[in-house]
Amino acid sequence: MPKTKRIYLDYAATTPVDPRVLKAMLPYFSEKFGNTMSLHGFGQEAKEALEESREVVADLMNAKPNEIIFTSSATESNNLTLKGVALANQKKGRHIIISPIEHPCVKESAEWLKTQGFEITKLPVDKYGLINPDDVKKAIRKETILVSIIHASNEIGTIQPIEEIGKVIKRKSEIFNLKPKIYFHTDAAQSFGKIPIDVNKTNIDLLTASSQKMYGPKGAGCLFIKEGIEIKPILHGGGHESGLRSSTVNVPAIVGFSEAVKICKKVMKKESQRLTKLRNKLIKGVLSKIPDSHLNGHPIKRLPNNANFWFAGIEGESIVIQLDLLGIAASTGSACSSAKLEPSHVLLAIGLKHQEAHGSLRLSLGRWTTEKDINYVLKILPKIIKKLREISGAQ
Amino acid sequence: MKPYYSKKVINHFSNPKNFGEIKKADAVGKVGNPRCGDIMKLYLKIEKKGKKEIIKDIKFYTLGCAAAIATSDIVCDLVKGKTLKEALKISSKDVVKELGYLPPLKIHCSLLAEQGLKAAIEDYKKRKKK
């Protein structure tokens, strides 16, 4: 469907592959296609690319290469974390703490663990979606084995105080004399490559990252697992990735992931400043031009590329369809757009009423977003909202 | 692959002809969709011709998704000029048929239009009794 204008503002859903990334991947399809477990030259050149990629990815979070395992996605990494840690540590305890604003892959993994006899505590969040480290302290028990908190929200962009949370978990483990300590996992699928993360400074034991949110290809993710962490695999087989993730390694995707990491590392500081400026312009413009519009998430402690609003008296899917007709790609947390016909659990967790979450809109910016794009949105969006409110009678 | 919404749905959604309020309406129906939270308000102007009661004018307000707005608009087209008896026969299936196609997840939206119409006619009957 060719359109005169196409502006992609859904980078939080997925990013296009950077042309430099694609170029780096190409030799690994038909030329250097070997299986990393093979002893011959074909296998060894693939293995070499895999291990180089591991070093690159580890470096951006200040981990050791042997602490990184590659997976197919952030969803897989998060499933492995929750289920793998639960299975390996159930003799120590069966209590897991998560936030109420986790990505569905953490939320649903936790729900499943509940059916297997684990106890799940969901922490409270404030109206910005922030977790208070004191609440983590209160929720921890002697039987707690894992705390999993999303680093930056995929929906509202709020960035959690993971450094403080990491400290609290460490201290509480010491008080309870727990050895090993209670593990701290963070899902950094939206933040890795966009804002700095240092696993050592933050007492993080496990960290999830995704290739397709940072201009790498789909089909690659990783999990940082600190040395000495007890975790069991959920995929059994040939023993790839230190026995934690059997499956012939997707070398082209991983090479692409690593190239994407290299680029992000190089441009992160400048790009984050550029996007923050554009994002602030967008937020300021929307809030001032559209009556009864509200920002979801924290005004400052948020991802440089995330803007999320709710508009009174209208429904979000209709905004998304109208925007699409005018060439702008966005997303919503409205019940109408979800397969379960339920509004976003994240928006409800920050205290939005059903009808408020109903009118939500997420615009997420990225590497190819320009000021012109933002100006166009600011020109179009107020008209769309006005029209839809006329149709709704702003009920 | 079919587009998510058909051209007809998109047309009725982007350019609805029947939205708005009828001042001094003879009947108003207000319904909500318990599944997704959409809301619809439907106004009727009824004209009596002998024994027949004809829908002279019909307008809606809908807070909802593209499917809810499109089905609201089309149900107005379908019943305008019809008698109340004829209008009551129109079901959500007719609405979907008229639109050609709705994504499976959106079929429930067409119920809103049917229920809105029925609620308005119900309101008319109630007012008449008074």
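Look up: the structure comes first, before these words.
Residues numbered from 1 in each chain as written. Chains lettered and ligands numbered in written order. Predicted model: local features only at pLDDT ≥ 70, side-chain atom pairs only at ≥ 80, totals over all residues.

Novice: Before we move on, can you summarise the interface of chain A and chain B with the specific residues and values?
Specialist: Contact residues are listed per partner, giving 19 residues for chain A and 20 residues for chain B. Of all the secondary structure elements, the ones that give two or more residues to the side of chain A that touches chain B are α9 (316–325), α11 (354–358) and α12 (371–392) of chain A. Ranked by residues supplied to the side of chain A that touches chain B, first place goes to α9 of chain A with 4 residues. Classifying every residue of the side of chain A that touches chain B by side-chain character gives 8 nonpolar, 8 polar and 3 charged. (Contact = placed C-beta atoms within 7 Å. Helix = DSSP H or I, 4+ residues; strand = E, 2+ residues; numbered from the N terminus. Nonpolar A, V, L, I, M, F, W, Y, C, P; charged D, E, K, R; others polar.)

Novice: Can you break down the packing of helix α3 (residues 41–60) of chain A against helix α8 (residues 251–289) of chain A residue by residue, with the values?
Specialist: Residue and element names in this part refer to chain A. Two elements in contact, α3 and α8, have axes whose closest approach is 9 Å; the angle formed by their N-to-C orientations is 35°. Judged by the sense of rotation from one axis to the other, the crossing of α3 with α8 is left-handed. Here α3 contributes A46, A49, L50, S53, V56, V57 and L60 to the contact with α8, which in turn contributes V251, I254, V255, F257, S258, V261, K262 and K265. Looking at the contact of α3 with α8, its residues break down into 11 nonpolar, 2 polar and 2 charged. (Axes fitted to C-alpha atoms, helices over the stretch in contact; angles between N-to-C directions. Left-handed = near helix turned anticlockwise from the far one by under 90°.)

Novice: Quick one: what's the story with the sheet that holds strand β2 (residues 39–49) of chain B, residue by residue and with numbers?
Specialist: All names here are of chain B. With respect to topology, 3 strands assemble into an open sheet ordered β1-β2-β3, the strand pairing being antiparallel. Strands at the two margins of the open sheet, each flanked by one partner only, are β1 (27–32) and β3 (52–63). Each neighbouring strand pair of the sheet contributes to a mean axis angle of 20°, computed without reference to strand direction. Helix α5 (residues 107–129) contacts β1, β2 and β3 of the sheet and is inclined by roughly 140° relative to β1. (Pairing = 2+ DSSP bridges.)

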